[in-house]
Amino acid sequence: MDHHRNNDHRLHLLWFFAVSTTLKLLLIPSYRSTDFEVHRNWLAITHSLPLTKWYFDETSQWTLDYPPLFAHFERFLSFFAPLVDPKIVNLHSGLDYSEDSVIYFQRITVIVSDLSLFFGVYRLTRKLETLKRNLICALVVWSPGLLVVDHVHFQYNGFLLGLLLVSVSFLGDGRDLVGGFLFAVVLCFKHLFAVAAPVYFVYLLRHYCWVGLVTGLRRLVTLGVVVVAVFVAAFGPFVYYGQIQQVISRMFPFGRGLCHAYWAPNFWVFYIILDKGLAFTLRKLGFDVQVPSASFTGGLVGDSSPFAVLPQITPLTTFAMVLLAITPCLIKAWRKPQPGLVARWIAYAYTCGFLFGWHVHEKASLHFTIPLAIVAVQSLEDAKHYFLVSIVSSYSLFPLLYEPQEYPIKVLLLLLHAMVMWLGFSAQYTDEKALKKKEKAGEIKSKFEIGFVEKAYLIGLVLVEIVSQFLHPYFLGDRFAFMPLMLISTYCAVGIMYSWIWQLRRILT
Amino acid sequence: MPKKKPVNLPGDGTAALLPVPPMDNWWWLSHKGTTTSFLCISLFALLIRSAVSMFPYSGAGTPPKFGDFEAQRHWMEITTNLPAIDWYRNGTHNDLTYWGLDYPPLTAYQSYIHGILLRVFNPESVSLFSSRGHESYHGKLLMRWTVLSSDALIFFPAALFFVLVYHRNRAKSGVAWHIAMILLNPCLILIDHGHFQYNCISLGLTVGAIAAVLCGSEVLTCVFFSLALSHKQMSAYFAPAFFSHLLGKCLRRKNPILSVLKLGIAVIVTFVIVWWPYLHSVDDFLMVLSRLAPFERGIYEDYVANFWCTTSILIKWKKLFTTPSLKSISLAATVLASLPSMVQQILSPSDEGFLYCLLNSSMAFYMFSFQVHEKSILMPFLAATLLALKIPDHFNHLTYYALFSMFPLLCRDKLLLPYLSLHLLFTLIYHSPGTQITLPKTKASSFSFTSFPGYRFLLRTHFFISLFLHVVYLTIQPPQKYPFLFEALIMILCFSYFVMFAIFTNYTQWTFSSHFRSADKEKKRI
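Residues numbered from 1 in each chain as written. Chains lettered and ligands numbered in written order. Predicted model: local features only at pLDDT ≥ 70, side-chain atom pairs only at ≥ 80, totals over all residues. Heavy atoms only, no water.

Identification of chain B as Alpha-1,3-glucosyltransferase from Eruca vesicaria subsp. sativa is taken from an unreviewed UniProt entry. Its UniProt record gives chain B a comment under Subcellular location (unreviewed entry), which states: "Endoplasmic reticulum membrane". Recorded under Sequence similarities (unreviewed entry), the UniProt text for chain B is reproduced unchanged: "Belongs to the ALG6/ALG8 glucosyltransferase family." (UniProt positions renumbered as here; feature names shortened; annotations may be inferred.)

An unreviewed UniProt entry lists chain A under the name Alpha-1,3-glucosyltransferase, with Eruca vesicaria subsp. sativa as the source organism. In the Pathway (unreviewed entry) part of its UniProt record, chain A is described as follows: "Protein modification; protein glycosylation." Under the Subcellular location (unreviewed entry) heading, UniProt states for chain A: "Endoplasmic reticulum membrane".

A. Main features of the overall build of chain A. Looking only at helices and strands, one finds 21 helices and zero strands in chain A. Overall, chain A is about 70 × 60 × 55 Å in size when its C-alpha atoms are taken along their principal axes. Looking at chain A residue by residue over its 509 residues, the buried ones come to 57%. By sequence separation, contacts in chain A at least 24 residues apart represent 76% of the contacts at least 6 residues apart. (Helix = DSSP H or I, 4+ residues; strand = E, 2+ residues; numbered from the N terminus. Buried < 20%, exposed > 50% of the residue type's maximum accessible area, 1.4 Å probe, protein only. Contact = heavy atoms within 4.5 Å.)

B. Summary view of the packing of aromatic side chains. All chains considered together, the criterion is met by 70 aromatic pairs over all chains. Judged by centre distance (6.4 Å) and plane angle (90°), the ring pair of phenylalanine 70 of chain A and phenylalanine 189 of chain A falls under edge-to-face. One end of the pair, phenylalanine 70 of chain A, is in helix 3 (residues 68-84); the other, phenylalanine 189 of chain A, is in helix 9 (residues 176-189), with 119 residues separating them in the sequence. Relative to tryptophan 268 of chain A, the ring of phenylalanine 267 of chain A lies with its centre 5.0 Å away and its plane at 75°, an arrangement referred to as edge-to-face. What makes phenylalanine 267 of chain A partly exposed here is its relative accessible area of 22%. Cluster of aromatic residues (ring-pair linked, three or more members): Tyr400, Tyr401, Phe404, Phe407, Tyr419, Phe463, Phe464, Tyr473, Tyr497 and Phe501 of chain B. The ring centre of phenylalanine 36 of chain A lies 5.1 Å from the NZ or CZ of arginine 32 of chain A, which sits over that ring. The aromatic ring of tyrosine 300 of chain B is capped on one face by lysine 318 of chain B, whose charged end is 4.4 Å from the ring centroid. (Phe/Tyr/Trp six-rings, centres within 6.5 Å; stacked < 30°, edge-to-face > 60°. Lys NZ or Arg CZ within 6 Å of the ring centre and 35° of its normal.)

C. The arrangement of the packing of helix 11 (residues 239-251) of chain B against helix 12 (residues 256-275) of chain B in detail. Residue and element names in this part refer to chain B. Where helix 11 contacts helix 12, the axes come no closer than 8 Å and their chain directions differ by 145°. Counting all contacts with helix 11, which are made through Leu246, Leu247, Cys250 and Leu251, the residues of helix 12 involved are Pro256, Ser259, Val260 and Leu263. Taken together, the residues of the contact of helix 11 with helix 12 break down into seven nonpolar, one polar and no charged. (Axes fitted to C-alpha atoms, helices over the stretch in contact; angles between N-to-C directions. Nonpolar A, V, L, I, M, F, W, Y, C, P; charged D, E, K, R; others polar.)

D. Region of the structure containing the nonpolar core. Counting residues in each nonpolar core, the largest one holds 312 residues, and the members touching the most others are Phe44, Ile48, Phe155, Phe162, Leu183 and Phe498 of chain B. Looking at which domains feed residues into this core, each of domain 1 (203-291) and domain 2 (294-372 + 441-526) of chain B gives three or more. Ignoring anything within four residues of it in the chain, the contact list for phenylalanine 498 of chain B reads Ala305, Met363, Tyr366, Met367, Ile377, Leu398, Tyr401, Ala402 and Ser405 of chain B. One finds Trp268, Val269, Phe307 and Trp358 of chain A within the second-largest nonpolar core, a separate group that totals eleven residues. (Core = buried A, V, L, I, M, F, W, Y, C linked by side-chain atoms within 4.5 Å. Domains from an automatic or database assignment.)

E. Fine view of the state of the cysteines. Residue and element names in this part refer to chain A. With the rule as written, the count across this model stands at zero disulfides over all chains. With no disulfide of its own, cysteine 329 lies 7.4 Å from the sulfur of cysteine 352, the closest cysteine sulfur. For cysteine 329, a relative accessible area of 1% gives the class buried. (Disulfide = S-S within 2.5 Å.)

F. How the structure looks around the packing of helix 2 (residues 34-48) of chain A against helix 4 (residues 100-113) of chain A. Residues and elements named next belong to chain A. Axis separation between helix 2 and helix 4 bottoms out at 11 Å; the angle between their running directions is 90°. The orientation of helix 2 with respect to helix 4, classified from their angle, is roughly perpendicular. Every residue of helix 4 that contacts helix 2 at Phe36, His39, Arg40 and Leu43 is listed here: Val102, Ile103, Phe105 and Gln106. The residue inventory of the contact of helix 2 with helix 4, partitioned by class, reads five nonpolar, two polar and one charged. (Parallel < 35°, antiparallel > 145°, perpendicular 65-115°, else oblique.)

G. Summary view of helix 20 (residues 452-476) of chain A. Residue and element names in this part refer to chain A. Its maximal kink placed at valine 467, helix 20 deviates by approximately 40°. Buried within helix 20 we find Tyr457, Leu458, Gly460, Leu461, Val464, Glu465, Ser468 and His472. Elements that come into contact with the buried residues of helix 20 comprise helix 17 (380-396), helix 18 (407-428) and helix 21 (483-508). Just beyond helix 20, the residue with positive phi is glycine 477, at close to 60°. (Bend = angle between axes of the 7 residues up to and from the residue.)

H. Spatial organisation of the UniProt feature "transmembrane region" (unreviewed entry) in chain B. Residues and elements named next belong to chain B. Under the UniProt annotation, the feature "transmembrane region" (unreviewed entry) is placed at residues 141-163, 175-191, 203-228, 258-278, 377-395, 415-433, 454-476 and 488-507. Regarding residues 377-395, the helix share stands at 68% and the strand share at 0%, and the terminal C-alpha atoms are separated by 13 Å. The span residues 488-507 is 100% helix and 0% strand, and its two end C-alpha atoms sit 28 Å from each other.

I. Expanded view of the pattern of salt bridges. Residues and elements named next belong to chain A. Summed over all chains, the structure comprises 16 salt bridges over all chains. One salt bridge in this structure joins aspartate 114 and lysine 24, with 2.9 Å as the shortest N-O distance. Pair noted here: aspartate 114 is in the loop between helix 4 and helix 5 (115-125) and lysine 24 is in helix 1 (residues 2-26), with a separation of 90 residues, a long-range link. Across the pair, lysine 24 and aspartate 114 agree in class, each one buried. One salt bridge connects glutamate 37 with arginine 40, and the closest N-O pair in it is separated by 3.0 Å. Of this pair, glutamate 37 and arginine 40 both sit in helix 2, three residues apart, which is roughly one turn of the helix. For glutamate 37, a relative accessible area of 8% translates into the label buried. Look at the salt bridges and you will find they share partners, linking Arg123, Arg126 and Asp173 into a network. (Salt bridge = Lys/Arg side-chain N within 4 Å of Asp/Glu carboxyl O.)

J. A look at helix 16 (residues 323-347) of chain B. Residues and elements named next belong to chain B. For helix 16, spanning 25 residues, the distance from its first C-alpha to its last is 35 Å, which sits close to the expected 36 Å at 1.5 Å a residue. When the local axis directions of helix 16 are compared, the greatest deviation, roughly 45°, occurs at leucine 339, which is followed within four positions by the proline proline 340. Of the residues making up helix 16, those classed as buried are Leu326, Ser330, Ala333, Thr334, Ser338, Ser341, Met342, Gln344 and Gln345. (Expected span 1.5 Å × (residues − 1).)

Here it is in structure tokens:
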């Protein structure tokens, strides 16, 4: 019986995936960002150069800046590339190559690597009831953020998040060692996932190793050996060749500045705005306030302080703030390490990293929206929260696709997502008795309702979109070109801040 | 997100049999009612459409004639720049040999409205003469959006109307699945949003007319169907069905002549309004008419899986007969082929039978009428879509072969990837887990067609040959002596399936009605 159920479940999930694959295939000719060329270049670097030169090559401006395992992943893919078209992996003549061959090849690698996401979702949901399972599938596999970033913009987030979900699912099963091992692997694929490392550390220490002196020590050593082995496997060769400093400097380009060209909707948006506001007021009051030499709206940000009044922010400050923000959750994890809460804590940690981190990309919001989807089906409150945060974070990714061709696609994806969430959550919290009588009663009452404030906020989102997409270009044209993006960042930052506070309260209570 | 799945709720028959709580796989998508699930599925359908629209259109980058995209764009150029009376007339500003307007006036008005929109946002794409062969990122996008919006504004509401009416007295179980079948119809998406045409408008109006028949509003039917006819003359494929069904119903009234008169007036008034600019002189009217019926192009073109084209391999129709005599022969053949189902509807008009009649008459036209395009399979296919819940298996096969019959065309348009993806998507949704579309049991007992031993075998052979042909068409260069060898093979294969299908549906229409009548009698007795 159980076997049958599982089979059924696998089939179901596979079906979801297959349907999303058809859409992914259709998205092949859509707009692709420079990330596409970045990854093509990495294919070429790892294919044609020895390992010792990977992190030194500067043939293209898109140098390798992910950890070594990702480079190995690209190398693995590059074995297949020449079968399709040898020019793809040519370091020089392949630059900015944009034939169909390379587009199909790279897009299909993303589609295929999404299988890890499939596996992660499968492991996480195999013991849940049908409705929850379906909902999680729909929320993760059809997440507009993932589709937009991976299959239009071009990245491999589905693959990496899939690995993370597999790791979370092992923790949830109580198999801490495997979970820890997988997380170490994820870290060596993309170091941005490190934000959740403190959570993993505290949780594993407490839940896995805190079991009496002898067993505990043995487990601690085992875990340590496993994690160190992963890191040695990834970074060892570079340490051996004495290149580790170069690798680290590539991975952490702190010269890039506090905010990305398009501000991720996080805490620093308020900080910048407060600074501008203060400077403006003080000038009005007659104080002599210097105009900062670096600007936030001009794109790239240099080393000089971009703040006129408020203190300069350094990477160390942001690091301390992230850690501070995560602390409550660490304490909670230490006091009561429950496998069922790990997904929630990890999502919270990524939210903190997103809000207070250094040079955060808007795409990093995926790191918490995807794990939150797992949490969303756990309670009514979670569902309400997820409904809001997932819409906001997906919307904040809209500016990534700025060309008109993809406009209907991103809008429809988001609408569909919202609709599916609404239908799914309403169904989940529908009174069963009412449902049985549904033949007669017209409308079935559901406990899933969106509050007034949330509704107002979401309507505001629509207004923001109308202003930034239509009214601004119509009335102001090219003047204040930074305004629409600023408006979107600021408005979405409010939603993400709210989500952070909500998650924090949820974890503490 | 997405939904997707419309798919059926508690599998059709099973829900009634098993007292299982409604914890089926898909009930959560449809528990809010038909309209809500329709909205959800239509969002998904629109998403798929906008994704397909990123692919190339017919004739992209192939001067001097380009393709259907250029034809539509050219009509926008003509209609926005010239007065209505000159739209169909050859003149210094309107060269009819270059994609001259050859659809009825409603298409021209639609081009005019879309042309105005294009002129606002991208004037150079519709400027007289200088815009010929215009191709640009924004031009393509705006054109694509006009199709998307036509679909969303006409086809979708019509489909909703149909679904609401059709399912009002039925078990709710198959609704979502049926909606998905109608909205994610791969043929329509590929032709409209890939190849580039506005079939969604005329088909949408037709669906509206069909829904109006089902809800008993005959005047509305006449208005909608007249509009559909004035948009694309190919809508006439359905005319016998409408005509015979409405006639059959009127004959059963107390005052048959009055009822017929009422409908006749509705038709005439609609036509007069739509055709008004061309009704001021007989010459104008004939000029438009002659544009609509391009008899000089011969009885068939290319490789269409219909009777004339397929048999022409053996019988050279074009050499044996003159065009005028071919005209009468094809007319006679068409009428003969659609006659049985017409007679059935006149004798005993019923909703179900009407849908079958639509299918049969459009299939008859596809098979036997003059100058059929491969795209015309959309008409019989639309009718089959509406019947999808009744004949799910046959519908599945028809979709496969209808798509296959357009395969060479879509390959020429470089739409191979959307062809494969949509095919896959259709198959997935058709077989969505938790959906057991069961064949109506009544049929199996009364009929032997599908249980005929050779039938299964034939179907399987067809299927394997078609798979083989797909591969061959894509990989092997045809012999120089017969450059269209594979097209011809595909055509023969599809034709032979279509013939089987047509025999089945004609048969079903007659047996069904007898079954229906006896069931009806029983009910009355009770």
